[in-house]
Amino acid sequence: FEFLSSPGLNSMEKKLAEYKCDTNEAICLKLGPVSRECTGFALFSPIYYMNPFCPYSEVAFGYKGLQIQLYYTAGNLSTLFRMTYSAKVKDSFDFVEPDDVEGKIREIIPPGFCCGTDDFVSLLEKEANFRPFGSLLHTYTVHNVEEGDDFTFQIYKADMSCAGFREYHERLQTFLMFFIETASFIDVDDDRWDYFIVFEKYNKDGETLFATVGYMTVYNYYVYPDKTRPRVSQMLILPTYQGEGHGAQLLEAVHRFYCTSPKVQDITAEDPSENYVKLRDFVLAKFCQGLPAFSTDKLLQGFSEDMATEARENLKINKKHARRVYEILRLRATDMSDDEQVREYRLEVKRRLFGPYKKNQRELTKMRKYLRPEELASHVSQMDTQVQHEELERSYQQVLGDYRRVIERLAQA
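The rules behind the values
- Residues numbered from 1 in each chain as written.
- Predicted model: local features only at pLDDT ≥ 70, side-chain atom pairs only at ≥ 80, totals over all residues.
- Heavy atoms only, no water.
- UniProt positions renumbered as here; feature names shortened; annotations may be inferred.
- Salt bridge = Lys/Arg side-chain N within 4 Å of Asp/Glu carboxyl O.
- Helix = DSSP H or I, 4+ residues; strand = E, 2+ residues; numbered from the N terminus.
- Buried < 20%, exposed > 50% of the residue type's maximum accessible area, 1.4 Å probe, protein only.
- Axes fitted to C-alpha atoms, helices over the stretch in contact; angles between N-to-C directions.
- Parallel < 35°, antiparallel > 145°, perpendicular 65-115°, else oblique.
- Left-handed = near helix turned anticlockwise from the far one by under 90°.
- Contact = heavy atoms within 4.5 Å.
- Nonpolar A, V, L, I, M, F, W, Y, C, P; charged D, E, K, R; others polar.
- Core = buried A, V, L, I, M, F, W, Y, C linked by side-chain atoms within 4.5 Å.
- 1 Å grid on protein atoms, 1.4 Å probe; cavity = no way out; pocket = protein on both sides within 12 Å on 5 of 7 lines; lining within 4 Å.
- Points joined across faces, edges and corners; volume = space filled by probe spheres on them.
- Expected span 1.5 Å × (residues − 1).
- Patch = residues over 30% accessible without salt bridge, like charges linked within 9 Å, V, L, I, M, F, W, Y side chains within 5 Å.
- Areas by Shrake-Rupley, 256 points an atom, 1.4 Å probe, with all protein chains shown as cover.
- Lys, Arg positive; Asp, Glu negative; His and termini not counted.
- Charge placed at Lys NZ, Arg CZ, Asp CG, Glu CD.
- Polar contact = N/O pair within 3.5 Å; in protein donor to acceptor, adjacent residues only side chain to side chain.

Looking at an unreviewed UniProt entry, the chain carries the name Histone acetyltransferase type B catalytic subunit, with the source organism given as Denticeps clupeoides. Taken from UniProt, the Sequence similarities (unreviewed entry) comment for the chain reads in full: "Belongs to the HAT1 family."

Structure follows, in structure tokens:
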């Protein structure tokens, strides 16, 4: 222990610390050319929930002035990878090995990338030949206030039978590692996967070009005896295009696609994030507000089986999600100046939220038969009625805030 605290080792630690770098700052992701960037390239930074280079850390060791450049052509996502640094720890300290950053990058990006600028420029020149994969599902425009212009976007459905799509998808899914928590690559050899891709379509110098905007993967689970349950697995809109409504357009297009199939039972999502739930609330409420069962007069009468049936048969929405949509639309229909309407709405939502607490009470009844008095006292304290009421009120206010934001978005749609 005296050796570990010696001045000499502290000095060595300081020298080695110079070879640590923040990978968030070291990596540079660029997509280009795109239609709205003066330089032709859109620059964005990764969000590291799990550092792909050094697991459970955002620090790479062994380099000074580390720069990791990953440039993608906007359409075909042809890739340039370069790694530079001013010094490497191995050059000064023979007994210390640097992190294998380059090896980790090569595990993420598929073969076929280039390392030289000239090669990448030649790939950029071929972008005019790139065309989206699969079949066109939907075309829409987005108005950009800052530029005072409308931009055109298209959503395509593709599969692995499309020539060149497998290689394109390998490049596309690398973005997951930088922007999605606990992301993983899927088994593309499983033909139950569906792929939906958003592209921007624009003209430059008389040529029609396409830029990748985002995508969604959906897995078709079997439901006995003859149905399927499409489950959204991955969804990503690239940072360049976030905040423009593309996620909603994509989710709407996917729902419309599956709604036409009589074999689809309902549409779900795998471990949805909080942002995805908010997006789904908006899209499903937008769909359901046009159904007869969700008319204002029927909303004020409470949730009904007709609502669940119409949502399922017309829009492939399961009962749980239909109930949530009902609560959103009923809040919009509720006269907030009418104390009785407000009270009825609050009580109905709280009755649903109280479900888990009732389950706890049933479990407590069972515990009374088996637990010792001191153990039972501990559990009872955790289920204190006053605490439950406070938690229930907090949950209600959280739900209310989420619903109001959806209603505001519906008003702008």
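Asker: Just checking my understanding: could you explain the pattern of salt bridges for this structure?
Answerer: Pairing is possible between side chains that carry opposite charge, provided their charged atoms lie close to one another. Taken as a whole and judged by the stated rule, the model has 19 salt bridges. A salt bridge links E252 to K286, with the nearest nitrogen and oxygen atoms 3.0 Å apart. Residue E252 is found in helix α8 (residues 246–259), and its partner K286 is found in helix α9 (residues 274–288); the two are separated by 34 residues along the sequence. By relative accessible area, which is 30% here, K286 ends up partly exposed. Put simply, E348 and R323 hold a salt bridge, and the shortest N to O gap is 3.8 Å. Pair noted here: E348 is in helix α13 (residues 339–353) and R323 is in helix α12 (residues 319–333), with a separation of 25 residues, a long-range link. Per residue, the accessibility class of E348 equals that of R323, and both read buried. When salt bridges that share partners are traced, they join R323, E327, R330, E344, E348 and R352 into one network.

Asker: Which parts of the structure should I look at to understand the packing of α8 against α9?
Answerer: For any two helices packed against each other, the geometry comes down to the angle between their axes and how far apart the axes lie. Between α8 and α9, the least distance of the axes is 10 Å, while the angle of their chain directions is 55 degrees. Here α9 runs oblique to α8, going by the angle between their axes. Crossing of α8 over α9 shows right-handed handedness. Residues G247, A248, L251, E252, H255 and R256 of α8 pack against Y276, L279, R280, F282, V283, L284, K286 and F287 of α9. In terms of residue class, the contact of α8 with α9 is built from 8 nonpolar, 2 polar and 4 charged.

Asker: Before we go on, may I ask you to explain the side chain of E252 in this structure?
Answerer: A relative accessible area of 7% places E252 in the buried class. Each residue touching E252, except ones within four places of it in the same chain, is listed here: F282, V283, K286 and F287.

Asker: Even after reading the chapter, I still don't get the environment of H255, so can you show me in this structure?
Answerer: Note on placement: H255 falls in helix α8. You can call H255 buried: its relative accessible area is 4%. Sequence separation between H255 and I267 is 12 residues, and the spatial gap between their C-alpha atoms is 7.5 Å.

Asker: What is the right way to read the nonpolar core from this model?
Answerer: The nonpolar side chains of a soluble globular protein tend to be buried with one another. Ranked by size, the top nonpolar core spans 104 residues in total, and within it L70, Y168, L250, C288 and F294 carry the most contacts. Of all hydrophobic cores here, the second largest spans 6 residues; its members include L16, Y19, F61 and F93.

Asker: Any chance you could explain the layout of surface pockets here in plain terms?
Answerer: Empty space among the atoms becomes apparent when a probe as large as a water molecule is rolled across them. Approximately 1,300 Å³ is the volume found for the largest pocket. Lining the largest pocket are 36 residues, and of these I180, M235, S273, N275 and Y276 sit closest to its centre. Every element with two or more residues in the lining of the largest pocket is listed here: α7 (176–179), β13 (227–237), α8 and α9. In terms of residue count, β13 provides more of the lining of the largest pocket than any other element does, 6 residues in total. Counted by class, the lining of the largest pocket contains 18 nonpolar, 11 polar and 7 charged residues. In this model, the second largest pocket occupies a volume close to 410 Å³. Along the walls of the second largest pocket sit 20 residues, with E244, G245, R409, Q412 and A413 positioned nearest its centre. The set of elements that each furnish at least two residues to the lining of the second largest pocket consists of β9 (135–144), α8, α9 and α16 (385–412). For the lining of the second largest pocket, the element with the highest residue contribution is β9, accounting for 5 residues.

Asker: Looking at this structure, I do not really get α9. What am I missing?
Answerer: In an α-helix, one turn spans 3.6 residues, which is why side chains three or four residues apart end up on the same side. Counted at 1.5 Å a residue, the expected span for α9 with its 15 residues is 21 Å, and the 21 Å between its end C-alpha atoms agrees. Counting buried positions along α9 gives 11 out of 15 residues, so the element sits mostly inside the fold. When α9 is considered as a whole, its buried residues turn out to be Y276, V277, L279, R280, D281, F282, V283, L284, A285, F287 and C288.

Asker: Looking at this structure, I do not really get a negative patch on the surface. What am I missing?
Answerer: Together, E146, E147, D149 and D150 give the surface a local cluster of negative charge. In this structure, D149 sits in strand β10 (residues 149–158).

Asker: Explanation requested: α12 in the structure shown.
Answerer: With 15 residues, α12 should reach 21 Å at 1.5 Å per residue; the first-to-last C-alpha distance of 20 Å fits that figure. Extensive coverage of α12 is indicated by the burial of 11 of its 15 residues. For α12, the N-terminal capping position is held by N318, with its side-chain oxygen 3.3 Å away from the main-chain nitrogen of K320.

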